[in-house]
Amino acid sequence: MQMNRENAFIKWTLIVGCELFLALFLILPLVFIIQTAFAQGLATYCNSITDQYAVKAAWLTVKATLWAVGVNTLFGLSAAWCITKFAFRGKKIISTFIDLPVTVSPIIAGLIYVLTFGRQSFLFPLLDKYDIEIIFATPGIILATIFVTFPFISRELIPVLTAQGVDEEEAASLMGARTWTIFRKVTLPHIKWALLYGVVLCTARAMGEFGAVSVLSGHLRGKTNTLPLYIELLYQGYDFTGAFAASSILVLLTIIILILRVWLEGRGNKRMELRH
Amino acid sequence: MSGHNNVSEKAYVELRGVNKHFGDFQALKDINISISRGRLIAALGSSGSGKTTILRMIAGLETPDSGEIVIDGKVVNDIPGSDRGVGFVFQSYALFRYMTVYDNIAFGLRVKKWDVATINQRVKELLNLINCEGLEGRYPSQLSGGQRQRVAFARALAPNPQLLLLDEPFAAIDAKVRLELRAWLRKMITQLGITSIFVTHDQDEAIEVADEIIVTNKGRVEQTGTPRELYVNPKTPFVASFIGNAHPVENYDQFQFFDRLGEGTRAIIRPEFVSVFKKGENKQFVKSAEEGVVEDVIFRGSSLELKLRLHGVTIPATRSVNDSIIEIGETVDVFIHRLIVVDGEKIIVQHNKSLKKESVVI
């Protein structure tokens, strides 16, 4: 009894603590964003979010995010597959390099690309000759976004694939199944939910990316400004309503992703329950 | 059982001078094996002895550094595992966990593009064979360990392989079910007449189930033979001490009627080499028995395990539970029938000299 009472006390303290923390650091700022966004009335809010620069910034963010998710899904799958299913020299190195973007400051990531593709780079004459613009243009923003979200998907997949081992794949291949069939029928069902989770994380991170993109963008309104950059621009210009209105778009996108994630997880769990 | 095999019978599976390294570790050293059609073979050894590598190599899951793998007269080194006509049962079964029992068994047949009706018929047939009718809609996680093993067995058999390979087929099953499954698997394989090789580290398992045992140690084949041959006639010190319940004895020449066979030799004694008699009970060996003291008596259910003190060494013996009771501390008559003497890499079975004129049947 004594023990139970003590446990109950700890339980409620922790629950209340968590909720207070969330309220203070998450809910309150969110409410504040919405409140400020609507502070000067609905009309101003609508004007702010339909502003052509805001729309273009939102569109660029979506575009960069889609690219990053697409590329990183492909890369994440191949990297995770290759690291967990094969034994080879240099595996450790590859594995470490994949994690690099998380440890490198985004600003530095941006600068790396400026140095690699900018005017002072030995690659520049080549790029110039073929009229390829990377720095201060959309490709640069996409590159930066891909870079910072690089490990998100592979890192979700590697533990799941490692835990699974290679037995099932070996069994399938001994029965004559081709690599693609093995991937589709044996590996994919296993990593489906981890993959989707990785995609969600990657999307969220890609949409919010500021640092690296900031370096590479050049801040051309309507051209190379993503939503986070646009928000900063408005904020620096004391247009709080505009800044928070634009933020609300980002918040909305995040909430859509969250709902998507909860829905996906729910489906995943239901599938699993059928199996037990 | 397939009965006795002639020496002239052509080998179905052969490994010729096979070597394999994993990095700096040499997993297999000049392996030569020959297996006849229809036999049930055990590859027995401790972990890291190379037994699993041999199996995976025959299946095509590993490639040898040098040497040839021959199945049914054809060198298969460059033929992928899926075209070798081999069924493989993995240690952990490796059932596809996101597929039903039906889909698991049908997988290989679908890959081979059998038509739906034939697949259906084949799966039904196999479910019947493994006594799992009605479980076709279940997922592997909903099966017991024994059922999983049987499904893995059925899945491996589905495409009618000529050779069945099983990697530690009983390792993941609890002791009680294991005994049942051993008997079941042996019956199944003998009934189907399919050449089978299974890997195990458990000598009881190998002795009970296999027609023939390949003993591996440190990447080499120590000896190949029927369980009886290995038991009675071990060819290497490793086999002599690995098979059976072996106890080393250094000064074996102090036992009566045994001679020392050279310097640096030692002996191995097994409980079944020793007869124990209560005082006065001994009639047959009355003149040649020695006196020993019982140090310990352990009840094993079906028999009694004794530890005897004789000339300052402890030797093992067994006694039937039907025999009259022997107490700890009792002085008994001990007769040692034979010893296995190890001389470097050579093995000599030395019989009790007092038996010399009688013919010894083991």
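What you see is a predicted model, and the numbers here were worked out from it, not measured in a lab.

We now examine the interface of chain A and chain B. At the junction of the two partners, chain A supplies 19 residues and chain B supplies 22 residues. Taking both partners together, chain A and chain B bury about 2,000 Å²; carbon and sulfur atoms supply 63% of that area. For the interface between chain A and chain B, the tally reads 2 salt bridges. Residues Glu-170 of chain A and Arg-56 of chain B are paired through a salt bridge, measuring 2.7 Å at the closest nitrogen-oxygen approach. At the boundary of chain A and chain B, one finds 5 residue pairs in polar contact (both at pLDDT 80 or more). Class assignment of the residues belonging to the side of chain A that touches chain B gives a composition of 9 nonpolar, 5 polar and 5 charged.

Here the focus is helix 12 (residues 227-236) of chain A. Within helix 12 of chain A the residues assigned to the buried category are Leu-227, Pro-228, Leu-229, Tyr-230, Ile-231 and Leu-234 of chain A. Tyr-238 of chain A, located one to two residues past helix 12 of chain A, shows a positive phi value of around 60°.

Reports of interface size often rely on the accessible area that becomes lost once the parts have come together. All names here are of chain A. The domains assigned to chain A are domain 1 (1-37) and domain 2 (41-274). When domain 1 packs against domain 2, close to 540 Å² is buried across both sides, 84% of that on carbon and sulfur atoms. Three residues, Ile-33, Thr-36 and Ala-37, lead the burial of domain 1 against domain 2; their summed loss comes to 76% of the area buried on that side. Linking domain 1 to domain 2 there are 0 salt bridges. Here domain 1 is connected to domain 2 by 0 residue pairs in polar contact (both at pLDDT 80 or more). By residue class, the composition of the side of domain 1 that touches domain 2 is 3 nonpolar, 1 polar and no charged.

Residues and elements named next belong to chain B. Per the domain assignment, the segments of chain B are domain 1 (11-242) and domain 2 (247-355). Computed over C-alpha atoms, the centres of domain 1 and domain 2 are 39 Å apart. Tallying the contact residues gives 9 residues for domain 1 and 10 residues for domain 2. When domain 1 packs against domain 2, the two sides together hide about 670 Å² of surface, and 58% of this comes from carbon and sulfur. For the domain 1 face of the interface with domain 2, the top three residues by lost area are Tyr-231, Pro-237 and Ala-240, together amounting to 65%. Where domain 1 touches domain 2, the interface holds 0 salt bridges. Between domain 1 and domain 2 we count 3 residue pairs in polar contact (both at pLDDT 80 or more) in total. Per element, the largest residue contribution to the side of domain 1 that touches domain 2 is 4 residues, and it comes from helix 8 (residues 237-242). Of the residues in the side of domain 1 that touches domain 2, the class split is 6 nonpolar, 2 polar and 1 charged.

What counts and what doesn't
In this numbering scheme, every chain counts its residues from 1 along its sequence in written order. Going through the entries in the order they are written, you letter the chains from A and number the ligands from 1. With pLDDT at 70 or above as the cut-off, local features in this predicted model cover only qualifying residues; side-chain atom pairs require 80 or more to be listed or tallied, and sums for whole chains, interfaces and linings still use all residues. Heavy atoms from the whole structure form the basis of all side-chain values; hydrogens and water molecules are not counted. Contact definition: two residues touch when any of their heavy atoms are within 4.5 Å. Two parts placed together each lose some accessible area under a 1.4 Å probe, and adding up what both lose gives the buried area. A side-chain nitrogen of Lys or Arg and a carboxyl oxygen of Asp or Glu constitute a salt bridge if their distance falls within 4 Å. Pairs of N or O atoms are called polar contacts if they sit within 3.5 Å, as long as, within protein, a hydrogen donor faces a hydrogen acceptor (for residues adjacent in sequence, only side-chain-to-side-chain pairs). Amino acids are sorted into nonpolar (Ala, Val, Leu, Ile, Met, Phe, Trp, Tyr, Cys and Pro), charged (Asp, Glu, Lys and Arg) and polar (every other residue, Gly among them). Classification of residues uses two cut-offs on accessible area relative to the type maximum, computed with a 1.4 Å probe and protein chains only: under 20% is buried, over 50% is exposed, and between them is partly exposed. Starting at the N terminus, helices and strands are each numbered in turn, a helix being any DSSP run of H or I of at least four residues and a strand any DSSP run of E of at least two. Where each domain starts and ends comes from a domain assignment, either automatic or drawn from a database.

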